Amino acid sequence: MMYRIRGFAVLAGLVVLFGLAVSARAQQPMPAQPIVDKLILHDTIQPVTADEVTRALDRANSDGAQALLIDLDTPGGLVDSMRTMVGAILRSHVPVIVYVAPTGSRAGSAGFFILESADVAAMAPGTEAGAAHVVFEGGKPDDIEMQKVENDAEAFMHSYVTKRGRSADAAQEAEKSSHSYTPEEALNQHLIDLIANNDTDLLKAIDGRTVTRMDGSTLTLHVAGARIDTIKPTLRDELLGWLVNPNIALLFLVGGALLIYLEFNSPGTIVPGALGTLMVLLAIFALDLLPIRYTAVLLLIAAMVLLILEAKFGGHGALAIAGIVCLTFGTLTLVAAPVPELRVNLWVSIAVSLAFGAITVFLLRLAVRARRRKARIGADAMVGSTATAMEALSPQGHVLVEGEIWRAVANGPVAAGAALRVVGHEEMVLQVEPDRQVSKSAS
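For clarity, every value in this text was computed on a predicted model and none was experimentally measured. (Residues numbered from 1 in each chain as written. Predicted model: local features only at pLDDT ≥ 70, side-chain atom pairs only at ≥ 80, totals over all residues. Heavy atoms only, no water.)

Chemist: I keep staring at the sheet that holds strand 13 (residues 396-401) and nothing clicks. Help me out?
Modeler: Strands belonging to one sheet form pairs held by backbone hydrogen bonds; the direction of such a pair is parallel or antiparallel. An order of 12-13-14-16-15 is seen for the five strands of this closed barrel, with the pairing classed as mixed. For this sheet, the mean inter-axis angle between neighbouring strands, taken without regard to orientation, is 55°. Of the pairings in the sheet, the one linking strand 12 (residues 386-389) to strand 15 (residues 419-426) comprises three bridges and is antiparallel in character. Counterpart to Thr-386 in the pairing with strand 15 is Arg-421. (Pairing = 2+ DSSP bridges. Helix = DSSP H or I, 4+ residues; strand = E, 2+ residues; numbered from the N terminus. Axes fitted to C-alpha atoms, helices over the stretch in contact; angles between N-to-C directions.)

Below you can see the structure in the form of structure tokens.
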């Protein structure tokens, strides 16, 4: 009996110990799932995208993310914006992963500089990177200036590519010779760290990898199974990204100018003037973010002068054609961007120039004619018109001019019913004389 009691006591003790162990394990905090912030950057490199990258880095550095993943697809863009983005990536406390994806994407020109600045550089199959030769925004420079800019770009890339442990020679080949690399070539040339099919495979492949930061310190990545939080663009970024398109900015500028002219032509309507002013201001704001050629601005001014001269004096269409040609070349060369995606489209330029030129000439001619008619009202408008004597003028009396009865005075006696012509007026009294053309035809 005593043995049975002892057995039950031991069994009860084991049950209690097991329960305490389970309870203690349940109370222990589960390891938190790592977070990786993700920015999708499928756009040209310009001030708006530079702001997006800066904002994404600020968020990643403040919300405890293990890394910032930049999903990149760009043809390139502005050098100043690229330098801003690269500088922000190099200064980031959180590791930055730049991933050229999905298949068919590219990291061209300025995008190649951004790819090489990352702590981890990766590409998806079927992508490309390179062609990073500097393209001038303001025309072809002389040889000395070209050499200075190329050396500056080479030194800039060399300053961080070697610290990232990548091939400076291969990067220089992309910068000087505009060479582009497939993912396999880039990996063999030590320009990227790996090729990955998707985000999950990428994070799994780099988990546990140690990266060297710009200050020489090392950091081990723990990103396997991380929750990827995509950073959505703000409404401001979406609007600016849409507006910074030079074609949209040009349409806003031209449409706003026409609405403002409509307001001046019909004062008091308010809505066209207010809307036109807003559109012009938005266009100027957008164009201010882009490199502008001042020679193109001069062409636009010359075009407006020619169109006004055509409307006022008439040039049998020659002045209008010259104005439209100036307008086309001015709008086409207005934005001096290094990539076609940041320039005004040829067909947009031609369509806008033709439409704006034709509408401007038409509206200005209407305005000129209206002003001339306004200058000749009342007695002024009667000068040169034919009149009929309603009674004998000796020398004053009443005449009928264009269906209106006027007091008139002649140089001598005039019989009733005689054909007259108005040659002038003194205040509201017309000065008339016999109509010689009628007299000749009668004789």
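Chemist: What exactly am I supposed to notice about helix 11 (residues 271-288) here?
Modeler: In an α-helix there are 3.6 residues to a turn, and that puts residues three or four apart on one side. Between its terminal C-alpha atoms helix 11 stretches 26 Å, which fits the 26 Å expected from 18 residues at 1.5 Å a residue. Within helix 11, burial applies to Pro-272, Gly-273, Gly-276, Met-279, Val-280, Ala-283, Ala-286 and Leu-287. Each buried residue of helix 11 sits inside an arc of 160° when the element is viewed along its axis, so together they form one side. Among the exposed residues of helix 11, those oriented more than 90 degrees off its buried face are Val-271, Leu-281 and Asp-288. On its buried face, helix 11 sits against helix 9 (235-243) and helix 10 (246-265). (Expected span 1.5 Å × (residues − 1). Buried < 20%, exposed > 50% of the residue type's maximum accessible area, 1.4 Å probe, protein only. Arc of directions from axis to C-beta. Contact = heavy atoms within 4.5 Å.)

Chemist: When you look at a nonpolar patch on the surface in this model, what are you seeing that I'm missing?
Modeler: A cluster of nonpolar side chains, namely Tyr-294, Val-297, Leu-298, Ile-301, Val-305, Leu-309 and Phe-313, defines an oily patch on the protein surface of about 730 Å² accessible area. Looking at the element boundaries, Ile-301 is found in helix 12 (residues 294-313). Taking the relative accessible area as the measure of exposure, Ile-301 reaches 49% and is therefore partly exposed. (Patch = residues over 30% accessible without salt bridge, like charges linked within 9 Å, V, L, I, M, F, W, Y side chains within 5 Å. Areas by Shrake-Rupley, 256 points an atom, 1.4 Å probe, with all protein chains shown as cover. Salt bridge = Lys/Arg side-chain N within 4 Å of Asp/Glu carboxyl O.)

Chemist: What is the right way to read the nonpolar core from this model?
Modeler: Side chains of nonpolar character tend, in soluble globular proteins, to be buried together. Counting residues in hydrophobic clusters, the biggest one holds 45 residues, and the most contacted among them are Met-82, Val-98, Phe-112, Phe-113, Ile-114 and Leu-115. Counting 29 residues, the second largest nonpolar core, distinct from the first, contains Met-279, Ala-286, Ala-296 and Val-335. (Core = buried A, V, L, I, M, F, W, Y, C linked by side-chain atoms within 4.5 Å.)

Chemist: Whenever I open this one, the pairing of strand 12 confuses me. Can you help?
Modeler: Walk down a regular strand and you will see the side chains alternate between the two sheet faces. Of the two faces of strand 12, the one holding Ala-387 and Ala-389 is buried and the one holding Thr-386 and Thr-388 is not buried anywhere. Where strand 12 and strand 13 come together, two bridges link them in antiparallel fashion. What sits directly across from Ala-389, in strand 13, is Val-399. Counting the residues that bridge the hairpin from strand 12 to strand 13 gives six residues.

Chemist: Is there a simple way to explain the pairing of strand 3 (residues 96-100) in this structure?
Modeler: Within strand 3, five of the five residues are buried, leaving the element largely enclosed by the surrounding structure. Neither face of strand 3 is exposed, since Val-96, Val-98 and Val-100 on one face and Ile-97 and Tyr-99 on the opposite face are all buried. Sheet topology note: the strand 2 (residues 67-72)/strand 3 ladder contains five bridges and is parallel. Paired with Leu-68 across the bridge in strand 3 is Val-96. Judged from the four bridges that link them, strand 3 and strand 5 (residues 120-123) form a sheet pairing that is parallel. When the bridges of strand 5 are listed, Val-98 appears paired with Ala-121.

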